Structures are given as C-alpha cells and as structure tokens.
Amino acid sequence: MWRISLLSVRHYWALFVGTFVALALGVALVGVSASALMSTWSVPTSPQTGNASVTLTDGTGTAHTLTSGDVDMGGVQSVLAMAGVVSAFVTVFVVAGTCAFGIALRRRDMGLLRLIGTGGGQVRRMVLGESLAVAVPAVLTGCAVAAVAAPVAVEALNGTGLAPVDLRPGPSLGPLLFAAGSGLSMAVFGTLAASRRAARVRPSEALREADLDARTMTAGRWVTGLLTLVTGVVMVALAPGAGAEAATPLALFGTMALAVAATLLGPVYLPLLLRLAALPLRWADPVAGRLAAESVRTSRRRTASLVGPVLAILSVVGAFTTVLSTTGAATEADDRARTVAQLIVEPARGDALSADVLTALRADPRVAAVSAPAELEVAVAGPHSVWKEQAAVADPATLARTHRISVVDGSLAPLRPGTVAVSREFADWYGHHAGSKVTYGVYGGRPVQARVAAVLDGGSAVPPVLLPSGTGGASAAPSRASVLLDGKAVDSPRTVAAELTARVGAERVRVVPSAEWFSEEATDQDRLNRLVLGVLTVPSSLYALIAVAGTLVMSYSRRGSEIAGMRMLGVSVAQVRRMALWEALSTSVLGVLVAAGVVAAGARAYQGALTVFGAEVPLSVEWGMLATLTAACVLVGVVVSLAATGRLLRQAGVKMVASRQ
C-alpha cells in the first residue's frame, strides 16, 4: 500500500498541497517559538556577582538564599509560551481539518478501491501512508524554515524591548527535534480519525456524485463537538465568579473550546445560516446567487471546512487581544478611580525623588498630603517555599488620603517596627489576616518576623507588602509621589503644578495633573500591549491566512466536473465567477460572525470577573487589529477562489471544445 500511497499523493498533488503547506508552516511556527523560548532559558539569572542576598527558612525548615538583581525573564517567557500555545492550537486545528477534508473529498475514490476488493485495513494503511508521504517532507521543510527564521525572530524580539536583556539564539537542535516530533504527531493523529472513516467507506460510494453530503456528522464528530461545547460553556459560565486570575485561563480556553465546537458542529447549523444569508443574493443575482446558495447548502462538509480556518484564527486572536486589552483597561480605570491626589510628581533626572524634594512639597501651604511609597524587593518565606515579592516603604494612613483604600482587616495606622500591612490579594493568596505572622528579608539584611497590622484593599495603589518607615535604608527611595491639594488649589491643579515645578526646580522634578499623567501612562501601556499582541498573534495569523488559501485550493481541486457541467448547461463565465465570489464572501463573513459570537461570550464572561472601584469594568477590543485580520481573511478567500475558478474555467473550455469535436 505504500506504493499506492505515493502514487496517490503524486496524482492528487493539488489536494495534498494544503496539508503540506499547513504542516510545514505549523512546524516552522512551533520551532521558532521553541527556539525563542530556549534562548530565554539560556540567560543566566544572576549575571552579576557580589549582589546582596538574604537567607530565609520556609515552614519545613529548609533554608533558601535569594539574591537581588536577578534577571526576571518570567514576563517574556510567559508571552512566548502563550505564543506557542496559540501557534500549536491553530496548527492542530488546521492540520486535522485539512486531513479530514482531504479524505472527504476523495470518498468516491475510496469507494472505487473498496469496489475492486480493497479491504478496510488496506485503505487505512494507504491513508496513513499518504499522511507520512506528505508529513516527512513537510516536517523537514518546516525545520529548515525554523532554523533560518529563529535567529531573525530572536533579534526582532530584542527590538521590541520585551526582554530585560538582549537574547542570543541558543542551540537549535532541541527545538527543531521538538518541532519535528510535534509535526509528525499532528499529522499522524490528525489522520487517524479520517483513516478510520475512510476504512468504513462502502463500495456503493463509488456511485455517488455528491460525496460530501454522505454522513457529514459521524458519531465521533458528534461526541467531540458536544463535549467541547459543554466544556466551553461550563468554563465561560464559571469565569465571572472565579476572580481575575482564575478567570483568565477560563475565558481563554473556554473560548477555544467553543471555537472547536462551532467548527465540529458546523455541518449542522452552517447550511441553514448560509441559506438565510443567501436570500438577498437570490434576489440581487438570480443565477449566480442561487448557484452559490445551493453549493454552500448541499456541500456541508466543504462549507464547514472553509469556514473553519477563519473561525479558528479570529476566535483565538479575538480572545487573546480582548482579554489582554480589557485587563489593561480595567487596571487603568481602577487606578484612575482610586486616585484622589490631583498631582503626580516624578524626578526629572534619575530614578528616585530625594528627601529634600518631598520636604519641599510638604512644606507648600496648598498641599494637604504627599504619599511617596518607596518600592523595594524583598524575599518572603512561606510554609513550603521562599519567593521574591514586591514591597514598598510607606505610611498606610497617608496613602489612604491620596488614594481610596478600604481596610479589610485590622486598623489603618502608621506602621511600627515589627509590623507590616498586606494587600487583600496577598492575604487571600497566602492565607494571612490581621495578627498573623509574615517572615520577610531585605537583601543584605537579616530575616524579620513581622505581625500583619492591616489587610488593605486598594488595587495597584497598595503593593503586596507595606513596610514601616526606615526599612531598607538608603536603598528605599520613591520613584514618584502623589500630591493631594487643599482649599482653592483643588480647582487649579495645572497652575499649582507649574508653580511647584518652578519652586522645586524643573531640573529636579516634573509635576503634572493626575489626569494627564494617567493618559501618558495609558499610551505607553497601549504601546507595550500592541507589542505583546503582535508577538502573540501575527505569526499565527499569517499562518492561518495561508491555511485558508490552502483549504480553498483543496476544495477547488475537485470541482472541475462541477464547473464544466455548469458551462455545458449554459451558465456564463461571468456567472460562474460571481458564484465563486458569493461563495467566498458568504463563507468568510459567516466565519467572522460565528467567531464574533464566540469571542463575545468569552469577553463578557471575563469582564464579569474584573472589578473597578466605583465604576463598570470597560470592555476593550482591538478593533483595528481584528478588522485588519478580518479583511485579510475575506481578501484571501476572494482572490484564491477567483484564481482557482479561472483555472477551472479554462479547463472546462477545453472539455467543451473536445466534446463538440
């Protein structure tokens, strides 16, 4: 059967080119993601020697020594890991779909093989052989592309500034072997289900013409589709009450599950939706519109396969971009709502405000309060481990004057030595309350066991741990200050900001109204979010667009007789072209609409899990990115469909001339 598999791939090259391209590019994506991730692992976490350290003992009696100044690669590693997840999801989705679609397109051929006595096991081995015949060169091609593209991708990643240090491409053998193994596994497992279905084809299928309509919904497709539907619905339903951290994976993976279910169950509902959407076409273009409507309605498997890639990529990109954008928008809205101070003061030079600057600000008669938390990294000991945590030296009472902060437990008072205040999130995560003990250590110092004096709810205004004055010594210096104005100065913050800048010195400080400062911070955060979203979605989006084109090429490779029959019945060339145009537009637009519904369900669920002080959580959508991707999907569908139709029309013209002779 191996020889038959090779001959089949060679004969139906146009049918297998979609699988080849999808698998090769999928392997390249996985290989590049793995190579970039490995380059972050090769960065030494302690590049400098002589940094201050502290040793703490956890609840089990194990001593841990942590060093300051370690490079934190967690952020860029999380971004690359998510990019790998997106790439892998889209790759598995597309490869499995193209493999199954290829078998469905050749159902009559399978019936002919069964008619001449080929057993079901032989058909199955032939299909698996075809898969390997396509997968092996595709995997090698993908690995070659990944080997060339990985260094370029790492250099491009350095240009984004997401990594705290410049990355260097590491050894490529491991990532390439991982990508190759993943590609072969995806090809084999993506073909297994299709091969079982091919082995069950009856000899009578050789007599069918509309082979795509036969048993489009198999038992396996029903079971998998319903299971993923139930899983997605449950995850999305649980997200609103799960809290911000738990809601993120629930919303993301719940949306992915709904996208998979929408694709698997597509043959059930898509023809009806397309039939309703095609009603205006029947009126506007009676011949071409009716042909397009009947084509997408009767060829249910083909319709679902064409909608699938568009639905998958828009669902994934829409879910990730909306969750990340909404998170940033909610954080920024919460910070705005909690900030009572009218002015923000930052150093004009350097990284910290000096003590005399803070003294000068407090001495101004128009200033009611100045809070200037001095951020400090500490080590905290828990029952089973020791970890780094962000802390700040600050007076909770003063902080509560410049920001809206509520006391969850304990009392709001200046911290004395041996006491700390913690945020509500820290208390909930690690089980602390007023009166409990926290063991922490400042780098270069000794462990301190402190009592929790208060648990505060203040959003990002309250760091996980608040330390008493004097902790950290000279190393603890504030990077900015919040100024609360008093009396008539409240109504003229811009004027007061200019006067304070002139009084303290423009070369020393920069004083701006709070609203202006938040707008600047939001702009910077939006720029960073777009960089993250670009790393996450651009490679997989380009891959999905190519997959859309490949699926269309596969579809039209088996429509030569259909086009020739239309021409012989008197359908004009222009009408055939318009039919292809309406088909491409209808399937693409329907994929966009279904994806929009899936993303909307996940986004609303995630929005319900977030909280903003005294206001509704804003839902932020990257309309520009999604609109560009939508337009690209529609454009690719239309261009490839018209090009493939033109090729088939030329072949149909040759057949018509031959038949007349």
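Keep in mind it's a predicted model, so treat the numbers as computed, not measured. (Residues numbered from 1 in each chain as written. Predicted model: local features only at pLDDT ≥ 70, side-chain atom pairs only at ≥ 80, totals over all residues. Heavy atoms only, no water.)

Another point: the overall build of the chain. Helix and strand counts for the chain stand at 20 helices and 13 strands. The burial tally for the chain puts 50% of its 661 residues in the buried class. Residue pairs in contact within the chain that sit at least 24 positions apart in sequence constitute 82% of those at least 6 positions apart. Here the chain has roughly 29,300 Å² of accessible surface; of this, 62% comes from carbon and sulfur atoms. (Helix = DSSP H or I, 4+ residues; strand = E, 2+ residues; numbered from the N terminus. Buried < 20%, exposed > 50% of the residue type's maximum accessible area, 1.4 Å probe, protein only. Contact = heavy atoms within 4.5 Å. Areas by Shrake-Rupley, 256 points an atom, 1.4 Å probe, with all protein chains shown as cover.)

Let's shift gears to the environment of Ala 605. Relative to the helices and strands, Ala 605 resides in helix α19 (residues 573-609). On the basis of relative accessible area, Ala 605 is assigned to the buried category, the value being 7%. Sequence spacing of Ala 605 and Met 235 is 370 residues, and the spatial spacing of their C-alpha atoms is 9.3 Å. Sequence-distant contacts of Ala 605, that is, excluding residues within four places in its chain, are made with Val 236, Ala 239 and Pro 240.

What follows deals with the environment of Leu 173. Within the fold, Leu 173 resides in helix α6 (residues 173-199). On the basis of relative accessibility, which here comes to 59%, the residue Leu 173 falls in the exposed class. C-alpha separation for the pair Leu 173 and Gly 31, spaced 142 residues apart in sequence, amounts to 9.9 Å.

The next thing to look at is the side chain of Thr 321. Structurally, the position occupied by Thr 321 is in helix α12 (residues 300-338). A relative accessible area of 0% means that Thr 321 is categorised as buried. Separated by 3.2 Å, the side chain of Thr 321 and the backbone oxygen of Gly 318 make a polar contact. Those residues in contact with Thr 321, other than ones at most four positions away along the chain, are Leu 533, Thr 537, Glu 622, Met 625 and Leu 626. (Polar contact = N/O pair within 3.5 Å; in protein donor to acceptor, adjacent residues only side chain to side chain.)

Here we come to the packing of helix α9 (residues 266-277) against α19. Direction vectors running N to C along α9 and α19 enclose 115 degrees, while the axes themselves pass 11 Å from each other. For the crossing formed where α9 meets α19, the hand is right-handed. Across the interface between the two elements, Tyr 269, Leu 270, Leu 273 and Leu 274 from α9 touch Ser 586, Thr 587, Leu 590 and Val 594 from α19. Looking at side-chain class alone, the contact of α9 with α19 contains six nonpolar, two polar and no charged residues. (Axes fitted to C-alpha atoms, helices over the stretch in contact; angles between N-to-C directions. Left-handed = near helix turned anticlockwise from the far one by under 90°. Nonpolar A, V, L, I, M, F, W, Y, C, P; charged D, E, K, R; others polar.)

Attention now moves to the sheet that holds strand β3 (residues 343-347). Here four strands make up an open sheet; going across it, the order is β4-β12-β3-β13 and the pairing antiparallel. Only two strands of the sheet have a single neighbouring strand rather than two, namely β4 (367-371) and β13 (509-513). Going from strand to strand, the sheet's axes swing by 25 degrees on average, the running direction of each strand aside. Along the sheet face, helix α13 (residues 355-363) touches β3, β4, β12 (481-485) and β13 and points at about 155 degrees away from the line of β4. Running at roughly 175 degrees to β13, helix α16 (residues 493-504) makes contact with β3, β12 and β13 of the sheet. (Pairing = 2+ DSSP bridges.)

This next bit is on the nonpolar core. One broad trend across soluble globular proteins is that nonpolar side chains are buried collectively. One finds Leu 23, Val 90, Ile 313, Leu 314, Val 316, Tyr 543 and Leu 629 to be the most contacted residues of the largest nonpolar core, which totals 85 residues. With 14 residues, the top contributor of residues to this core is α12. Setting aside its immediate chain neighbours within four residues, Leu 629 contacts Ile 313, Leu 314, Val 317, Ser 541 and Leu 545. (Core = buried A, V, L, I, M, F, W, Y, C linked by side-chain atoms within 4.5 Å.)

A few words now on helix α8 (residues 244-264). Counting along an α-helix, one turn takes 3.6 residues, and residues three or four places apart therefore face a common direction. Its 21 residues place the ends of α8 30 Å apart at the C-alpha level, agreeing with the 30 Å of an ideal helix rising 1.5 Å per residue. Judged by how many residues are buried, α8 sits mostly within the fold: 15 of 21 residues are covered. (Expected span 1.5 Å × (residues − 1).)

What follows covers the packing of aromatic side chains. In total, this model carries three aromatic pairs according to the counting rule given. Plain terms: the ring middles of Phe 426 and Tyr 430 are 4.8 Å apart, the flat faces sit at 55 degrees to each other, and that makes the pair tilted. One end of the pair, Phe 426, and the other, Tyr 430, are both in helix α15 (residues 424-430), four residues apart, so they sit about a helical turn from each other. Its relative accessible area of 4% is what places Phe 426 among the buried residues. When the centroid spacing of 5.2 Å and the interplanar angle of 75 degrees are considered together, the rings of Trp 517 and Phe 518 count as edge-to-face. Residue Trp 517 shares its accessibility class with Phe 518, and that shared class is buried. Taken together, the ring pairs in this structure connect Trp 387, Phe 426 and Tyr 430 into an aromatic cluster. (Phe/Tyr/Trp six-rings, centres within 6.5 Å; stacked < 30°, edge-to-face > 60°.)

Time to look at a nonpolar patch on the surface. On the surface, a cluster of nonpolar side chains totalling about 610 Å² of accessible area is made up of Trp 222, Val 223, Leu 226, Leu 227, Leu 229, Val 233 and Val 268. The dominant element in the nonpolar patch, judged by the number of residues it contributes, is helix α7 (residues 219-238), at six residues. Mapped onto the elements, Trp 222 comes out in helix α7. Its relative accessible area of 37% is what places Trp 222 among the partly exposed residues. (Patch = residues over 30% accessible without salt bridge, like charges linked within 9 Å, V, L, I, M, F, W, Y side chains within 5 Å. Salt bridge = Lys/Arg side-chain N within 4 Å of Asp/Glu carboxyl O.)

Once that is clear, we can look at the side chain of Asp 58. Inspection of the secondary structure assignment puts Asp 58 in the loop between β1 (53-57) and β2 (63-67). A distance of 2.6 Å separates the side chain of Asp 58 from the side chain of Thr 60, its partner in a polar contact. Polar contacts involving the side chain of Asp 58 include one to the side chain of His 64, which spans 2.8 Å. When residues no more than four places from it in sequence are discounted, the contact partners of Asp 58 are His 64, Ala 381, Gly 382, Pro 383, His 384, Ser 385 and Val 386.

Attention now moves to the pairing of β13. Of all the five residues making up β13, four are buried; the element is thus mostly covered by neighbouring parts of the structure. One ladder, built from five bridges, connects β3 with β13; its direction is antiparallel. Directly across from Leu 343, in β13, lies its bridge partner Pro 513.

Side chains that carry opposite charge are capable of pairing whenever their charged atoms lie near each other. Evaluation of the coordinates by the stated rule reveals 13 salt bridges. Note that Arg 578 and Asp 285 form a salt bridge whose closest N and O atoms lie 2.6 Å from each other. Of this pair, Arg 578 sits in helix α19 while Asp 285 is found in the loop between α10 (279-284) and α11 (286-298), placing the two residues 293 residues apart along the sequence. Judged by relative accessible area, which is 30%, Arg 578 ranks as partly exposed. Salt-bridge contacts for Glu 425 lead to Arg 424; the nearest nitrogen and oxygen are separated by 3.7 Å. Because the salt bridges share partners, they merge into one network encompassing Asp 334, Arg 338, Arg 424, Glu 425 and Asp 457.

For the rest of this paragraph, the subject is the pairing of β3. Of all five residues in β3, five are buried; the element is thus mostly enclosed. Alternating positions in β3 separate into two faces, Leu 343, Val 345 and Pro 347 on one and Ile 344 and Glu 346 on the other, with burial throughout. In terms of strand pairing, β3 meets β12 through three bridges, oriented antiparallel. Considered in β12, the bridge of Ile 344 is made with Ser 482.

For any part of a model where pLDDT is low, the fine detail of the predicted coordinates should not be relied upon. Confidence in the prediction of the chain, expressed as mean pLDDT, is 82, and 89% of residues score 70 or more. Predicted confidence is poor over residues 656-661, with pLDDT under 50, and the contacts of this stretch with residues over four places away or in other chains come to three contacts. (pLDDT = per-residue confidence, 0-100.)

The next thing to look at is the packing of α8 against α9. The relative placement of two packed helices is expressed as an angle between their axes plus a distance between the axes. At a minimum axis distance of 6 Å, the contact between α8 and α9 shows a crossing angle of 75 degrees. Classified by the angle their axes make, α8 and α9 are roughly perpendicular. Mapping the contact onto sequence places Ala 262, Thr 263 and Leu 264 in α8 and Gly 266, Pro 267 and Tyr 269 in α9. Considering only residue class, the contact of α8 with α9 consists of four nonpolar, two polar and no charged. (Parallel < 35°, antiparallel > 145°, perpendicular 65-115°, else oblique.)

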